[in-house]
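Given next are the chains, with one letter for each unit.
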Amino acid sequence: MKKISWDDTMEYLEILSQISLTEEEKQETAGELKKILAYMEKLEELDTDGVEPMSHVFPVQNVFREDIVEREDQWEALLENAPQKKEGQYLVPKTV
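Residues numbered from 1 in each chain as written. Predicted model: local features only at pLDDT ≥ 70, side-chain atom pairs only at ≥ 80, totals over all residues. Heavy atoms only, no water.

1. Considerations on the overall build of the protein chain
Right, on to step 1. Helices and strands together make up the secondary structure of the protein chain, namely 3 helices and 2 strands.
Right, on to step 2. Helices and strands in the protein chain line up, N terminus first, as α-α-α-β-β.
Right, on to step 3. Once the C-alpha set of the protein chain is aligned to its principal axes, its extents read approximately 75 × 50 × 25 Å.
Right, on to step 4. By the burial criterion, 6% of the 96 residues in the protein chain qualify as buried. (Helix = DSSP H or I, 4+ residues; strand = E, 2+ residues; numbered from the N terminus. Buried < 20%, exposed > 50% of the residue type's maximum accessible area, 1.4 Å probe, protein only.)

2. Examining the pattern of salt bridges
Right, on to step 1. All told, the structure shown has 3 salt bridges when counted by the stated rule.
Right, on to step 2. A salt bridge links Glu45 to Lys42; the nearest nitrogen and oxygen atoms lie 4.0 Å apart. In this pair, the class of Glu45 matches that of Lys42, namely exposed.
Right, on to step 3. Three or more residues joined by partner-sharing salt bridges are found here, namely Glu14, Glu23 and Lys26. (Salt bridge = Lys/Arg side-chain N within 4 Å of Asp/Glu carboxyl O.)

3. A few points about the confidence of the model for the protein chain
Right, on to step 1. Overall, the prediction assigns the protein chain a mean pLDDT of 86, with 99% of residues at 70 or greater.
Right, on to step 2. Mean pLDDT per element in the protein chain: helix H3 (residues 75-79) is the minimum at 82, and helix H2 (residues 23-44) is the maximum at 90. (pLDDT = per-residue confidence, 0-100.)

4. Re unusual backbone geometry
A negative phi angle characterises most non-glycine residues, just as the trans form characterises most peptide bonds.
Right, on to step 1. The phi dihedral of Gln18 is positive, around 55°, even though this residue is not glycine.
Right, on to step 2. Tracing the chain through its elements places Gln18 in the loop between helix H1 (6-17) and H2.
Right, on to step 3. The backbone of Glu87 sits at a positive phi, close to 50°, despite the residue not being glycine.
Right, on to step 4. Along the chain, Glu87 falls in the loop between strand S1 (85-86) and strand S2 (89-90).
Right, on to step 5. Judged by its relative accessible area of 73%, Glu87 falls in the exposed class.

5. Concerning a negative patch on the surface
Right, on to step 1. There is a patch of like negative charges on the surface, built from Glu24, Glu25, Glu28 and Glu32.
Right, on to step 2. Within the secondary structure, Glu24 sits in helix H2.
Right, on to step 3. Given a relative accessible area of 65%, Glu24 falls into the exposed group. (Patch = residues over 30% accessible without salt bridge, like charges linked within 9 Å, V, L, I, M, F, W, Y side chains within 5 Å. Areas by Shrake-Rupley, 256 points an atom, 1.4 Å probe, with all protein chains shown as cover. Lys, Arg positive; Asp, Glu negative; His and termini not counted. Charge placed at Lys NZ, Arg CZ, Asp CG, Glu CD.)

This is the structure we're talking about:
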């Protein structure tokens with residue numbers, strides 16, 4: 001397996017993110033990425049057997065309810081808000 005250099009990795013990330021970095025920014029970003037990867041390796045050492053995965057930090061539950069139509073015909077009430085109306089519909093300026 002070929003080992004990829006940090007310079008190649010940073011060049012690839014520049015292409016993917018469509019940004020250009022100075023050499024100083026590349027070195028700084030490479031250092032930050034190394035720290036992140038080192039932290040991820042440290043996390044890999046943790047024993048997570050029996051730990052249930054979670055998608056959110058807080059206990060979030062979706063509240064389902066029955067979809068019930070409460071008022072069927074509100075067309076007249078909706079048209080009351082129209083600045084202009086014609087033949088039971090909103091009247092808007094013609095656009096071409």
